[in-house]
Amino acid sequence: MSLVDDVEEVLIPEEVLRARVQELGRQISSDYEGKQPLLVGILTGAVFFVADLMRAITIPCQLDFMATSAYGAGTENTGVVRILKDLNDSIEGRHVLVVDDIVDTGLTMDYLLTTLKARYPASLAVCVLLDKAERRRREVPLRYVGFRIPDRFVVGYGMDYAGLYRNLPFLCVLKPEVYR
Ligand code: IMP
């Protein structure tokens, strides 16, 4: 049995992902020239994205991680956001770029930004791989967006369903029977 057997449709192939991440890296390198940004990767979904993005950035930058509560085994956001792992260091006076996999309802990002803003960063911005704008319940400022996608549950390139499918190298939608 291969993971690929569960794939209904590939939404964003590997080469397209790679090219867009390179573009984002170039853009961030130019926007943050001289600022030594701190990338804050949101675990676990953004691990592959932040790893590739950071390698596409050509200026000095640093990396830290935070983990928030996800959907658990389901696909619906309960609205409950918890910090499961906090940053290792203070962000006071730092140019912070939050790097996440997807903004869906916006509840998680809204909560994160409120929390981080209270720690006096010099600047705070968001880079997200996927924007599911149709589902937004909280307006959140997204400075960098990889792709706008329709309202479908996607997996791959770090994103999961029930903890699985993160290791698919493309972004895809699963067959309906997988959810039964
Ligand atoms: P939000 O709070 O509704 O914006 O949801 C944010 C989090 O929900 C993301 O960081 C993902 O972990 C998860 N999520 C939202 N949509 C999807 C999806 O289509 N596939 C996998 N995870 C998702």
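Along each chain, numbering runs from 1 in the same order as the chain's sequence is written. Local features in a predicted model are, by the rule used here, given only for residues with pLDDT of at least 70; side-chain atom pairs are given and counted only at 80 or more, and totals for whole chains, interfaces and linings are based on all residues. In computing side-chain properties, one takes all heavy atoms of the structure into account and sets aside hydrogens as well as water.

J.: What exactly am I supposed to notice about the pairing of strand β6 (residues 123-131) here?
T.: Sheet faces and side chains relate simply in a regular strand, where the side chains alternate between the two faces. A simple rule labels every residue: compare its accessible area, found with a 1.4 Å probe on the protein chains alone, to the largest value its type can have, and call it buried under 20%, exposed over 50%, or partly exposed in between. We count a stretch as a helix when DSSP gives it H or I for four or more residues in a row; a strand needs E for two or more, and each element gets its number in order from the N terminus. In terms of residue burial, β6 counts as a mostly covered element, since 8 of its 9 residues are buried. Strands qualify as paired when DSSP identifies two bridges or more between them. Inspection of the sheet shows strand β5 (residues 95-103) paired to β6 by 8 bridges, in the parallel sense. Bridging from a neighbouring strand, V103 pairs with D131 of β6. As paired strands, β6 and strand β7 (residues 144-148) are joined by 4 bridges and run parallel to one another. Bridge assignment links D131 to a residue of β7, and that residue is R148.

J.: Just to check I follow, could you spell out the pattern of salt bridges for this structure?
T.: When the charged atoms of two side chains with opposite charge come close together, those side chains can pair. Any carboxyl oxygen of Asp or Glu within 4 Å of a side-chain nitrogen of Lys or Arg constitutes a salt bridge here. Within this structure, the stated rule accounts for 12 salt bridges. Between R148 and D131 there is a salt bridge; the shortest N-O distance is 3.4 Å. Of the two residues, R148 sits in strand β7 while D131 sits in strand β6, which places them 17 residues apart along the sequence. The exposure class assigned to D131 is buried, which follows from its relative accessible area of 4%. The salt bridge involving R135 is made with D151; its shortest N-O contact spans 3.8 Å. You can see R135 sitting in the loop between β6 and β7 and its partner D151 sitting in the loop between β7 and β8 (154-155), a full 16 residues away along the chain. One network of salt bridges, in which partners are shared, links D104, K132, R135 and D151.

J.: What is the right way to read the pairing of strand β3 (residues 62-68) from this model?
T.: Sheet topology places strand β2 (residues 38-43) next to β3; 6 bridges connect them, and they run parallel. If you follow V40 over to β3, its bridge partner there is D64. For crossovers, right-handed means that the path from the first strand over the helix to the second runs clockwise, given strands pointing away from the viewer. In this fold, the crossover linking β2 to β3 by way of helix α2 (residues 47-56) has right-handed handedness. Looking at chain direction, β3 and strand β4 (residues 83-85) are connected through 2 bridges and run antiparallel. Bridging across to β4, T68 finds its partner in I83.

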